[in-house]
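Observations on the three-dimensional arrangement
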Amino acid sequence: HVNANLYAGSGGITLREARAVNGDRYATTILAPGTDPLLDDAEEAGVGVVRLERLRGGRRIAPWRDVEAIRELERHLRAGRFDLVHTHAGRAGAVGRIAARRAGVRAVVHTLHGFPFNAFQPAPTRRALLEVERRLGRLTDWFLTDGTFVAAEAVRLRIAPPDRIRALISPIDPVEPATPRTRRVARALLGLPDGVKAIGTTARLAVQKAPLDMVRAVALLRREDVRLIWVGDGELRAATERLIAREG
């Protein structure tokens, strides 16, 4: 598995997939930046780890750094003699698929956790990134997506052919089924009084998840019988707490 962001959403999915593989039949290794927090969890779970120095996450385009990342990754892929390389998300998907083909890997799978382009980008940038994804699709044997919407969009945009793409749903840990008793316990832990309606979500407090928009939306309701419960942390925590205090 190659991932430039082994944390949060795609990182958690990558680690779950690596841990789920039958260790008696397959050897699994995650290659990711050495500072990513889930690498320690991977090692504790018995998954092989290669800590990369050149590969970095983020959306900033830096061709010279990506060339260095391709060379570094190609060396590791050749040394590991991998039968299959599974890349995740935008930057690792580009760097990983190119390196895998240069290293002569027999099969390449790519998971689209979303797209590197969006409607808020300038049109030339969006078109260029779309064309890059289409060209990378020619290096890919199979595609996976996190949900059906991304799969449908990938087919519509001619990034992936319909016969080589499959949509998956992100797994969660087994939980106790909701019952009247467990609901009472949960509401008591959250300090929710009787008669209050709860809106709940679990996500990073990051721009991508728009917590400030969520707070504003709930504030616009002006209802005393509604509470929002957000489970998560991140760089927008302080700003979110300030907005909550300001909106009352």
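Attention here is on the structure that accompanies the text. None of the values given here were measured: they were computed from a predicted structure. (Residues numbered from 1 in each chain as written. Predicted model: local features only at pLDDT ≥ 70, side-chain atom pairs only at ≥ 80, totals over all residues. Heavy atoms only, no water.)

What to know about the nonpolar core
In this structure, V2, L31, L55, L73 and L77 are the most contacted members of the largest nonpolar core, which totals 18 residues. Counting only elements with at least two residues in this core, the list comes to β3 (48-52), α3 (63-80) and α4 (90-102). Excluding residues that lie within four positions of it along the chain, L31 makes contacts with H1, V2, N3, V50, L52, L73, H76 and L77. Judged by nonpolar contacts, the second largest core, of 13 residues, contains F115, L130, F143 and A160. (Core = buried A, V, L, I, M, F, W, Y, C linked by side-chain atoms within 4.5 Å. Buried < 20%, exposed > 50% of the residue type's maximum accessible area, 1.4 Å probe, protein only. Helix = DSSP H or I, 4+ residues; strand = E, 2+ residues; numbered from the N terminus. Contact = heavy atoms within 4.5 Å.)

Observations regarding the packing of helix α8 (residues 211-221) against helix α9 (residues 237-247)
Two measures define how a pair of helices packs: the angle their axes make with one another and the distance between the axes. Relative to each other, α8 and α9 sit at 10 degrees, their axes nearing to 9 Å. Relative to α9, α8 is oriented roughly parallel. In the packing of α8 onto α9, the handedness of the crossing is right-handed. Of α9, the residues touching α8 (which contributes P211, L212, V215, R216 and A219) are A239, T240, L243, I244 and E247. Its residues assigned to classes, the contact of α8 with α9 comprises seven nonpolar, one polar and two charged. (Axes fitted to C-alpha atoms, helices over the stretch in contact; angles between N-to-C directions. Parallel < 35°, antiparallel > 145°, perpendicular 65-115°, else oblique. Left-handed = near helix turned anticlockwise from the far one by under 90°. Nonpolar A, V, L, I, M, F, W, Y, C, P; charged D, E, K, R; others polar.)

Some remarks on the pattern of salt bridges
Considering all chains together, one arrives at 17 salt bridges under this definition. Close ionic contact of R102 with E74 constitutes a salt bridge, the shortest N to O distance being 3.0 Å. Here the residue R102 occupies a position in helix α4, and E74 occupies one in helix α3, the gap between them amounting to 28 residues. Residue class for R102 comes out partly exposed when judged on its relative accessible area of 44%. Here R156 and E153 are joined by a salt bridge, their closest N and O atoms 2.9 Å apart. (Salt bridge = Lys/Arg side-chain N within 4 Å of Asp/Glu carboxyl O.)

Section: helix α6 (residues 148-156)
Every buried residue belonging to α6 is among V150, A151, E153 and A154, and all of these are buried. In a view along the axis of α6, the buried residues occupy a sector of 165 degrees, so they form one face of it. Looking at α6, the residues exposed on the side facing more than 90 degrees away from the buried face are T148, F149 and R156. Summarising the contacts, the buried residues of α6 are in contact with β5 (107-112), β6 (142-146) and β7 (165-168). Phi turns positive one or two residues past the end of α6, at R158, with a value near 60 degrees. (Arc of directions from axis to C-beta.)

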